[in-house]
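Commentary on secondary and tertiary structure
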Amino acid sequence: MLWTAFGSVFALLLGYSRIPYAAARDGYFLKSFGRLHPTGGFPHVSLLVLGAVSIVSSFFTLDVVIDALIATRIVVQFIGQIGGVVLLRRRAPAMVRPFRIWLYPVPIVIAGVGWLFIFSTIGAHVIVFSLGVLAVGAACFLGWSLRLRQWPFRGALS
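Treat the numbers as computed from the prediction; the structure is a model and nothing was measured. (Residues numbered from 1 in each chain as written. Predicted model: local features only at pLDDT ≥ 70, side-chain atom pairs only at ≥ 80, totals over all residues. Heavy atoms only, no water.)

Looking now at the packing of helix H4 (residues 62-91) against helix H6 (residues 124-148). In the contact formed by H4 and H6, the axes pass within 9 Å of each other and the chain directions differ by 50°. Compared by their axis directions, H4 and H6 come out oblique. When the axes of H4 and H6 are compared, the crossing they make is right-handed. Judged by residue contacts, Val64, Asp67, Ala68, Ala71, Thr72, Val75 and Val76 of H4 engage His125, Val126, Phe129, Ser130, Leu131, Val133 and Leu134 from H6. Here the residues of the contact of H4 with H6 are counted per class, giving ten nonpolar, three polar and one charged. (Axes fitted to C-alpha atoms, helices over the stretch in contact; angles between N-to-C directions. Helix = DSSP H or I, 4+ residues; strand = E, 2+ residues; numbered from the N terminus. Parallel < 35°, antiparallel > 145°, perpendicular 65-115°, else oblique. Left-handed = near helix turned anticlockwise from the far one by under 90°. Contact = heavy atoms within 4.5 Å. Nonpolar A, V, L, I, M, F, W, Y, C, P; charged D, E, K, R; others polar.)

Right, dumping it as structure tokens:
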């Protein structure tokens, strides 16, 4: 069982290190993450950073780490998707879509209330952490976009 857990964690660490690497190669993340190891051919910078984050996480109890990951995912992904769907439908109502949300906006409201309820039941320190991660991510995105003169700064700085 221990070897299975080790193999799983090792495979996840190697696999997830490819995400920042690919983003960096496409110009959407820090350039240093887009480098490969000269002899091994793996994204060593990304692997080292993710390994360091994993080591830091090991100093917290497992329930706090899981709560923080879930809370951050709720805020960034699930509530973000709800906002994205509403924004897309308002800004591009004539856009051809390959799917429909039956009884729109009822499922959106139910999902939003459900995710906000789950988010509110997590401890206050985890809520602050997840909102802090969201704020840091938003600040990094805005700084990156400003530097590259991309949305939302495209044309506004000319």
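Picking up where we left off.
What follows deals with the nonpolar core. In terms of nonpolar packing, the biggest core is built from eight residues, these being Ala68, Ala71, Ile74, Val75, Phe119, Ile122, Val126 and Ile127. Elements supplying a minimum of two residues to this core: H4 and H6. Examining the composition of this core, we find that four residues originate from one element, H4, more than from any other. Not counting the four nearest positions on each side in its chain, Ile74 is found in contact with Ile79, Trp115, Ile118 and Phe119. (Core = buried A, V, L, I, M, F, W, Y, C linked by side-chain atoms within 4.5 Å. Buried < 20%, exposed > 50% of the residue type's maximum accessible area, 1.4 Å probe, protein only.)

Attention now goes to H6. If you check H6, its first and last C-alpha atoms are 36 Å apart, about what 25 residues at 1.5 Å a residue would give, namely 36 Å. The complete set of buried residues in H6 reads Val126, Ile127, Ser130, Trp144 and Ser145. For H6, the elements touching its buried residues are H4 and helix H5 (106-120). A positive phi of about 55° marks Arg149, the residue just after H6. (Expected span 1.5 Å × (residues − 1).)

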